[in-house]
Protein chains: 2
Amino acid sequence: MSFPSDIEIAQINEHDNMKNIERISGLLGLDTEDIEPYGHYKAKISSNGIRKAMKQENGKLILVTSINPTPAGEGKSTVAIGLADSMQAIGEKTVLALREPSLGPVMGMKGGATGGGYAQVVPMEDINLHFTGDMHALTSATNTLAALIDNHLHQGNKLNIDPRRIVWKRVLDINDRALRNSVIGIGGPTSSIPREEHFEITVASELMAILCLSQDLDDLKERISKILIAYTYDKKPIFVRDLGVEGAITVLLKDALKPNLVQTLENTPAIVHGGPFANIAHGCNSILATKLAMKLGDYAVTEAGFGADLGGEKFLDIVTPKLGHTPDAIVIVATVRALKYNGGQKLAELKEEDLNALTVGFKNLKRHVQNMRYYHIPVVVAINKFETDTDNELKLLRTLCEGIGVDVEIADIHHKGSDGGKDLARMVVRATDKESNYTRLYDDAQPTVEKIATVASEIYGANNVEYSKKAENQLKVLKENVWDEMPICIAKTQYSLSDDPKLLGSPRDFTLHVKEIVPKLGAGFIVVLTGSILTMPGLPKKPAALNMNIDNDGTISGLF
Amino acid sequence: MSFPSDIEIAQINEHDNMKNIERISGLLGLDTEDIEPYGHYKAKISSNGIRKAMKQENGKLILVTSINPTPAGEGKSTVAIGLADSMQAIGEKTVLALREPSLGPVMGMKGGATGGGYAQVVPMEDINLHFTGDMHALTSATNTLAALIDNHLHQGNKLNIDPRRIVWKRVLDINDRALRNSVIGIGGPTSSIPREEHFEITVASELMAILCLSQDLDDLKERISKILIAYTYDKKPIFVRDLGVEGAITVLLKDALKPNLVQTLENTPAIVHGGPFANIAHGCNSILATKLAMKLGDYAVTEAGFGADLGGEKFLDIVTPKLGHTPDAIVIVATVRALKYNGGQKLAELKEEDLNALTVGFKNLKRHVQNMRYYHIPVVVAINKFETDTDNELKLLRTLCEGIGVDVEIADIHHKGSDGGKDLARMVVRATDKESNYTRLYDDAQPTVEKIATVASEIYGANNVEYSKKAENQLKVLKENVWDEMPICIAKTQYSLSDDPKLLGSPRDFTLHVKEIVPKLGAGFIVVLTGSILTMPGLPKKPAALNMNIDNDGTISGLF
């Protein structure tokens with residue numbers, strides 16, 4: 001008998017074991033007026049609940065990040081969830097803070113974003129579909145702002161906006177390549193001004209990044225007012241505040257700002273809120289979610305998108321200063337598979353034992369451990385066990401880790417839930433007791449090229465940064481407008497430490513190519529684009545949608 | 001002191017008087033598992049609740065419709081809400097079934113769609129903004145289907161779809177004229193196939209009409225599978241079932257199909273669900289909502305969009321046969337203002353007494369009364385009192401009504417709530433006790449031109465119907481494909497009984513111009529377009545968004 005699918009495991013559990021959300025919030029000391037239920041198993045934490053929680057002491061914060069994955073992904077969310085369950089199981093009051101999934105890819109790929117096996121957050125169908133409507137609110141707010149901009153053009157264009165220089169883009173939470181490039185506003189004088197439009201997926205929107213970095217409604221509104229939306233014909237920047245619609249856009253996001261509470265298969269409370277791209281944005285759940293998890297638990301487990309070179313670095317350099325609390329331990333998730341892939345084994349052959357590839361690929365893990373140690377926070381390694389891992393491989397990997405002096409545990413949480421993660425949990429708890437002395441990689445006040453050079457050399461291992469003509473001009477615009485005193489957010493492939501997805505392992509002394517530099521004034525960071533980053537994915541030849549069905553009782557099949 | 005705004009009245013009441021939604025559902029005999037709360041004041045009625053309700057007997061059904069309005073609208077929803085409150089106040093167990101508002105216009109116009117004054121459904125901010133996410137689910141489902149169609153083109157186009165003949169359109173719940181006409185799929189071979197796209201507002205989508213006509217998930221899926229999405233290069237029709245994605249699209253609508261429960265300012269239960277356009281669609285809340293209102297109340301009050309010539313006719317000819325229950329009484333809402341406008345008084349002068357204009361304009365009401373009487377259901381008139389109405393005008397209108405033998409009452413529910421509507425309530429209850437013998441205007445099996453001619457002459461008063469070349473060709477396509485045995489849904493201006501918005505009063509012997517005929521195979525009706533119907537509105541010069549704000553506690557101002 002083969003191991004059951006994620007949706008099979010989830011549906012059995014949802015029926016037998018899922019607790020009413022008021023029982024979960026009750027465990028956290030939250031009363032009825034502190035939450036707003038969405039059905040019986042999901043809730044938003046109300047303003048009241050947020051205020052109440054914020055009065056409490058902070059628990060300890062554990063950041064889960066990873067090595068460079070294979071294209072199949074290596075279960076970082078699964079480990080974060082399994083770790084939290086395991087910590088609960090050994091008696092530590094733990095709360096998860098996770099990103100919420102994008103609906104867009106659901107119709108394309110088979111595989112959700114709510115963990116897997118016996119380490120999932122539930123109700124997984126709802127969380128992967130409309131959840132509590134946060135993505136839809138962001139889509140709505142982003143497109144309303146776009147409509148207001150086009151309406152301004154149409155109604156006389158008092159601000160003198162250059163339709164060729166509108167930087168604000170419409171979004172949909174759908175993988176829709178046909179909307180990547182379009183011409184809108186055609187059809188004559190009653191149908192607006194013709195111009196190019198390039199739709200992005202909702203999670204790539206600046207509003208998503210803003211939502212995740214906002215402390216409260218006032219902060220959200222302030223950030224929205226600062227968003228750069230366009231330039232005039234004489235190249236002066238135009239902001240949302242110039243249109244005077246920051247109030248209206250904030251109104252549309254008032255509920256989306258409230259973090260969502262759900263639970264894991266083992267009833268561990270999980271705050272699932274916000275999910276910005278981990279390349280063109282910072283890739284972490286909302287600051288409010290992480291804060292609440294710290295306030296409501298003795299331990300908070302959170303996750304940063306993609307590898308430690310992307311989400312990890314951004315959590316530590318962009319998010320941590322805004323959080324007012326540094327992680328107490330960093331867990332780097334590694335898999336035998338991904339290390340062998342980084343050591344040269346082919347994707348199709350990863351099922352076969354290959355101790356040599358593992359030894360070579362270990363360099364990748366070693367680099368990520370070294371990188372995270374720059375921040376002077378205790379680092380441990382979690383090996384996410386796959387069915388195909390051999391005992392020899394697991395033993396070798398453990399030995400290699402010990403060789404570089406990093407604590408390591410194997411977690412079999414996908415197949416066994418917390419029963420497979422207690423050793424990991426105990427190791428992580430011990431790590432949080434160690435001394436920590438958070439050191440940031442750069443100062444925001446440094447020149448932008450210096451900040452980029454620092455991340456490129458210290459984290460990626462590059463010995464040179466090359467700027468395109470376009471990027472050089474954008475650096476000048478940054479300086480002229482005094483927009484350069486913000487942290488940087490580098491968009492780079494997640495498959496390599498470099499900007500070349502094929503350069504696996506532990507590349508050194510390469511050139512990082514900066515193609516474009518985009519200030520995100522609302523989010524408060526400078527996006528540095530290397531390589532080509534698609535902000536609107538497409539659907540595959542056989543989209544997952546073809547397999548989905550639902551019966552008259554509402555039971556879904558084929559979702560994952 | 002001026003009369004407070006809608007949002008001022010709502011906010012005071014929401015704070016002081018709104019009951020937890022479980023108390024409202026409790027009044028209806030629904031338990032915890034019969035509803036899915038969305039916050040503390042909104043809920044969806046669960047599959048369990050629907051099953052439970054459907055076992056009960058039907059209460060009586062009251063249909064609220066109206067004369068042709070002024071461009072400002074004449075408070076049909078307000079009267080429906082006030083009537084229900086007044087019926088509760090005289091001791092009749094009453095449940096409202098209403099359409100849910102579109103978020104799109106909220107940013108443009110000042111004025112919501114949740115009633116007004118002391119006759120509102122609450123929480124009005126939520127209902128007018130994201131509510132329970134139904135509109136967003138429809139937007140998502142419509143655009144996912146569009147992305148799947150474009151992906152099919154891109155991935156080899158096995159079905160031989162002609163990109164020039166795709167009839168399925170993307171939607172947004174936003175007033176966005178710049179998206180009316182666009183070219184998408186440009187940018188070379190990685191970005192799909194270039195083609196025209198014409199975004200519509202979400203409420204104009206066929207999925208909205210389908211949602212409102214579906215009895216359950218199986219029916220919804222069956223209807224979705226039948227949707228006509230495109231034609232091939234050799235003009236063969238292509239349906240959703242040919243793509244095989246009806247399951248996936250239904251999955252996206254599983255929660256949207258569940259009716260929403262809220263309350264009025266006076267705590268009358270209100271089922272607010274679905275809101276299709278009243279021109280290119282049938283303009284009534286969902287069949288499930290109306291059924292539930294009948295099952296859960298001794299009286300159900302529902303409303304049909306625009307005037308009796310549009311929503312009224314469609315409720316009786318399209319919806320009633322699917323409802324399995326005919327209205328027990330029809331209430332035609334009239335205002336002194338709108339009748340004077342129909343009698344030739346200028347919009348700006350409607351505040352001035354004009355008994356002559358009222359007498360002339362009364363013809364409009366008379367025609368609507370006659371029209372509704374065709375259906376052999378008791379008809380009464382409700383005069384929605386405005387502050388500017390003079391006693392002379394109200395007295396004259398009452399006399400004119402009595403002259404044509406129709407029962408009439410003045411309702412002052414906007415300013416007084418149920419205190420101003422008890423006489424109306426008593427009159428309506430009496431009307432439902434009268435004999436009724438529902439007669440439909442046409443048979444679906446009649447040729448389409450006959451069905452159109454019947455509505456045009458009997459309801460509109462036309463003596464001739466003229467078809468464009470395009471419409472004539474479309475009639476042929478209808479016949480060839482045996483798509484003509486469906487009810488018709490005529491899209492026409494709401495300001496006149498004719499297809500000319502300037503032809504006020506009681507026009508006769510004019511020609512109705514049919515421009516286009518569009519089969520909606522999923523919804524199950526044939527849309528007949530007269531005049532030019534915009535399916536994507538635009539924003540005004542000074543959009544309402546400019547006035548909106550929200551404070552750090554989440555209190556909204558400037559919404560209405």
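Residues numbered from 1 in each chain as written. Chains lettered and ligands numbered in written order. Predicted model: local features only at pLDDT ≥ 70, side-chain atom pairs only at ≥ 80, totals over all residues. Heavy atoms only, no water.

**Here we look at the domain arrangement of chain A**
Residues and elements named next belong to chain A. Which entries qualify depends on this criterion: Residue ranges for the domains originate in an automatic or database domain assignment. Whether two residues touch is decided by their heavy atoms; if any such pair falls within 4.5 Å, the residues are in contact. Here the quantity called buried area is the total loss of accessible area, with a 1.4 Å probe, experienced by two parts when brought into contact, counted for both. Salt bridge, as applied in this entry: a Lys or Arg side-chain nitrogen positioned within 4 Å of an Asp or Glu carboxyl oxygen. In protein, a polar contact requires one atom able to donate a hydrogen and another able to accept it; more generally it is a pair of N or O atoms within 3.5 Å, and residues adjacent in sequence count only if both atoms are side-chain atoms. Under the DSSP-based scheme used, a helix requires at least four consecutive residues in state H or I and a strand at least two consecutive residues in state E, with every element numbered from the N terminus.
Split into domains, chain A comes out as domain 1 (6-132 + 256-432), domain 2 (134-252) and domain 3 (448-530). Averaged C-alpha coordinates put domain 2 and domain 3 at centres separated by 25 Å. Facing the 11 residues of domain 2 at the interface are 10 residues of domain 3. Carbon and sulfur atoms supply 63% of the area buried between domain 2 and domain 3, which totals about 740 Å² over both sides. Run the count over domain 2 and domain 3 and you get zero salt bridges. Applying the counting criterion to the domain 2 and domain 3 interface returns five residue pairs in polar contact (both at pLDDT 80 or more). The leading source of residues in the side of domain 2 that touches domain 3 is helix 7 (residues 206-213), at four residues.

**Looking at helix 6 (residues 134-154) of chain A**
Just so we agree on the cut-off: Given a helix with a known number of residues, its expected span is that number minus one, times 1.5 Å.
The first and last C-alpha atoms of helix 6 of chain A sit 30 Å apart over 21 residues, in line with the 30 Å expected at 1.5 Å per residue. Looking one or two places after helix 6 of chain A, you find A:Gly156, whose phi comes out positive at around 115°.

**Some thoughts on the pairing of strand 16 (residues 299-303) of chain A**
Residues and elements named next belong to chain A. Applied cut-off: Three labels apply to residues, based on accessible area from a 1.4 Å probe with only protein chains included: buried if under 20% of the type maximum, exposed if over 50%, partly exposed otherwise in between. Being paired, for any two strands, means DSSP has found at least two bridges between them.
Taking burial as the measure, the five residues of strand 16 include five buried ones, the bulk of the element. Neither face of strand 16 is left uncovered, since the one carrying Tyr299, Val301 and Glu303 and the one carrying Ala300 and Thr302 both have all their residues buried. Sheet analysis places strand 3 (residues 60-66) next to strand 16, joined by five bridges and oriented parallel. Within strand 16, the position partnered with leucine 63 by the bridge is threonine 302. In this sheet, strand 16 lies alongside strand 4 (residues 94-98) in parallel orientation, the contact comprising four bridges. Pairing of threonine 94 across the sheet is with tyrosine 299, part of strand 16.

**Comments concerning helix 4 (residues 76-89) of chain B**
Residue and element names in this part refer to chain B. Given a rise of 1.5 Å per residue, 14 residues ought to cover 20 Å, and the 20 Å separating the end C-alpha atoms of helix 4 matches this to within 8%. Counting buried residues along helix 4, 12 of its 14 residues qualify, which places the element largely inside the surrounding structure. For helix 4, the set of buried residues is Lys76, Ser77, Thr78, Val79, Ala80, Ile81, Gly82, Leu83, Ala84, Asp85, Ser86 and Met87. In the segment just after helix 4, glycine 91 is the residue with positive phi, at about 95°.

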